[in-house]
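Breakdown of the fold
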Amino acid sequence: MRNSGFFFLLVLVFSISGTFAQVKSRRLTPPLNHPSMNYWAPFVSLDGNTLIYCSDEGEDNAMALFYSTRDGVIWKEPSLLPRSINVRLTFLKGYTLSPDGKTLYLTSMKSGGIGGYDILVSEWRGNTWSEPANPGTPLNSAQHDSSPTISPDGTQMFFMRCGSMDFSKASDCRIFTARRTGNGRWSEPEELPSTINTGNSQMPRICGDGETLIFSSDRFAPNKGGMDLYLTRRSNGSWSQPLALDFVNTPSEDQFVSVTSSGRYLLRDTPGQRKSELVEYQFPSETRPMGATMVLGKAEGLAGSTGYVSVYSVSKGRRLSNLTTDRDGKFTVYLKEGDRYDISVE
């Protein structure tokens with residue numbers, strides 16, 4: 001640490017080689033996947049410590065949203081999300097988490113909205129989730145806006161905007177993206193290209209590498225039946241032609257998934273001892289997203305103020321992202337494997 005309060009770190013991020021035996025699929029362990037319950041639409045935060053899912057464990061076996069946090073490698077006993085979130089006006093499976101698991105994004109028709117279904121935001125307050133808030137326009141519109149997914153650096157959102165939606169399904173959807181502005185609000189959303197938006201593209205999921213996007217559609221070929229899962233990658237500002245994820249696509253509906261930060265596993269619901277359970281599937285090498293490593297940093301000498309963090313790619317020779325520390329100088333950044341990075345704080 002220099003007297004000026006400038007902190008510099010060179011980071012080499014690499015993938016751990018696959019020298020350990022890996023199974024193609026594995027069930028999540030208890031207390032999840034209880035044999036008397038059904039589980040759907042899992043979403044795990046990028047840090048791997050918070051899980052949201054839908055289950056028929058609600059009052060009178062009603063469908064409801066639950067969350068669990070991890071203690072080391074063990075998931076804790078799940079808890080029911082608050083009534084302010086578990087309402088009949090909530091789109092049951094249209095939720096995601098921020099990379100650190102502290103912000104919940106959901107979809108609801110609660111009063112005071114902008115259009116039909118709107119994107120809402122709830123924050124973890126230490127022992128419960130806050131009352132969901134509407135981020136307003138231009139993110140939400142007169143149509144149905146739903147199922148957001150947040151980039152690893154927290155600056156970009158992908159979501160679907162639909163012509164029709166009820167609490168369990170949607171149709172006539174397109175995928176949009178918006179960027180977080182300097183004042184914390186979201187920019188005017190932009191529609192993704194027609195190679196992705198072919199008439200009913202849904203449930204976008206941006207992976208930990210910030211470049212791989214998974215989504216569902218029933219308007220692509222090949223298609224095994226209903227909604228299938230597809231993958232596209234961004235390179236130099238352009239998206240690749242989507243590929244079908246045949247290793248998890250089935251003749252049934254395939255939509256609600258998330259991907260671990262390592263990029264090795266896709267988490268989804270699948271038929272189990274009852275109707276449905278939560279299972280991780282290993283990505284084939286040809287479709288596996290690049291992994292992301294979480295870097296925890298602390299800058300000393302900020303005298304109780306926040307610092308400004310810049311992340312540079314050594315190989316690309318350009319700045320990748322900007323963020324701020326908290327008042328203790330702590331910050332978290334996710335870096336894609338396979339590159340060297342300069343991190344500076346001032």
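Structure's up top.
For clarity, every value in this text was computed on a predicted model and none was experimentally measured.

1. Describing the overall build of the chain
Helices and strands together make up the secondary structure of the chain, namely zero helices and 27 strands. For 346 residues, the compact-globule formula gives about 20 Å, and the C-alpha radius of gyration of the chain, at 20 Å, lands near that figure. For the chain, the proportion of its 346 residues judged to be buried stands at 51%. Look at the contacts in the chain between residues 6 or more apart in sequence, and 51% of them connect residues 24 or more apart. Total accessible area computed for the chain in this model is approximately 16300 Å², and 50% of it derives from carbon and sulfur atoms. Of the side chains in the chain, 36 bear a positive and 36 a negative charge, and the two mean positions are spaced by 3 Å.

2. Topic: the nonpolar core
Ranked by size, the top nonpolar core spans 25 residues in total, and within it Leu81, Tyr95, Leu104 and Met160 carry the most contacts. Elements that contribute at least two residues to this core include exactly strand 3 (39-44), strand 4 (50-55), strand 5 (64-71), strand 9 (103-108), strand 12 (156-165) and strand 13 (170-179). In contact with Leu104, not counting residues within four places along its chain, are Ile52, Leu81, Ile85, Tyr95, Thr96, Leu97, Leu120, Val121, Ser122 and Trp129. Ranked by size, the runner-up nonpolar core spans twelve residues in total, among them Cys207, Leu229, Val257 and Val259.

3. Observations regarding the pairing of strand 21 (residues 265-270)
In terms of burial, strand 21 is a largely internal element, six of the six residues being buried. Burial along strand 21 is two-sided: the residues Tyr265, Leu267 and Asp269 and Leu266, Arg268 and Thr270 are all buried. Where strand 20 (residues 257-259) lies against strand 21, three bridges are found, and the strand directions are antiparallel. Opposite Val257, over in strand 21, you have Arg268 as the bridge partner. Connecting strand 20 to the antiparallel partner strand 21 that follows it, the hairpin turn spans five residues, and Gly263 within it adopts a positive phi of roughly 75°. Pairing of strand 21 with strand 22 (residues 277-282) involves six bridges; the strand directions are antiparallel. Among the inter-strand pairings, Leu266 is bridged to a residue of strand 22, identified as Tyr281. Counting the residues in the hairpin turn of strand 21 and strand 22 gives six residues.

4. Points about the sheet that holds strand 10 (residues 118-123)
What links the strands of a sheet is backbone hydrogen bonding, and the strands pair in either a parallel or an antiparallel sense. Spatially, 8-9-10 is the arrangement adopted by the three strands of the open sheet, whose pairing is antiparallel. Lying at the two open borders of the sheet, with one neighbouring strand each, are strand 8 (96-97) and strand 10.

5. A look at the environment of Tyr265
Within the element layout of this structure, Tyr265 appears in strand 21. A residue is classified by how much of its surface remains accessible, and Tyr265, at 6% relative accessible area, is buried. Between the C-alpha atom of Tyr265 and that of Pro31, which follows or precedes it by 234 residues, the distance is 20 Å.

6. Some thoughts on the state of the cysteines
Tallied over the full model, the rule gives one disulfide. The partner cysteine of Cys162 in its disulfide is Cys173, sulfur to sulfur 2.1 Å. The sign of the S-S torsion, about 110°, decides the handedness of the disulfide formed by Cys162 and Cys173: right-handed. Placement of Cys162 in strand 12 and of Cys173 in strand 13 is noted, with a sequence separation of eleven residues between them. The class of Cys162 is buried, set by a relative accessible area of 0%. The buried category is assigned to Cys173, whose relative accessible area is 0%. Cys162 supplies the cysteine sulfur nearest to Cys54, a cysteine that is in no disulfide, at a spacing of 18 Å. Under the relative-accessibility criterion, Cys54 is labelled buried at 0%. With no disulfide partner, Cys207 has as its closest neighbouring cysteine sulfur the one in Cys173, 20 Å distant. Given a relative accessible area of 4%, Cys207 falls into the buried group.

Rules of the game
- Residues numbered from 1 in each chain as written.
- Predicted model: local features only at pLDDT ≥ 70, side-chain atom pairs only at ≥ 80, totals over all residues.
- Heavy atoms only, no water.
- Helix = DSSP H or I, 4+ residues; strand = E, 2+ residues; numbered from the N terminus.
- Rg over C-alpha atoms; globule rule 2.2 N^0.38 Å.
- Buried < 20%, exposed > 50% of the residue type's maximum accessible area, 1.4 Å probe, protein only.
- Contact = heavy atoms within 4.5 Å.
- Areas by Shrake-Rupley, 256 points an atom, 1.4 Å probe, with all protein chains shown as cover.
- Lys, Arg positive; Asp, Glu negative; His and termini not counted.
- Charge placed at Lys NZ, Arg CZ, Asp CG, Glu CD.
- Core = buried A, V, L, I, M, F, W, Y, C linked by side-chain atoms within 4.5 Å.
- Pairing = 2+ DSSP bridges.
- Disulfide = S-S within 2.5 Å.

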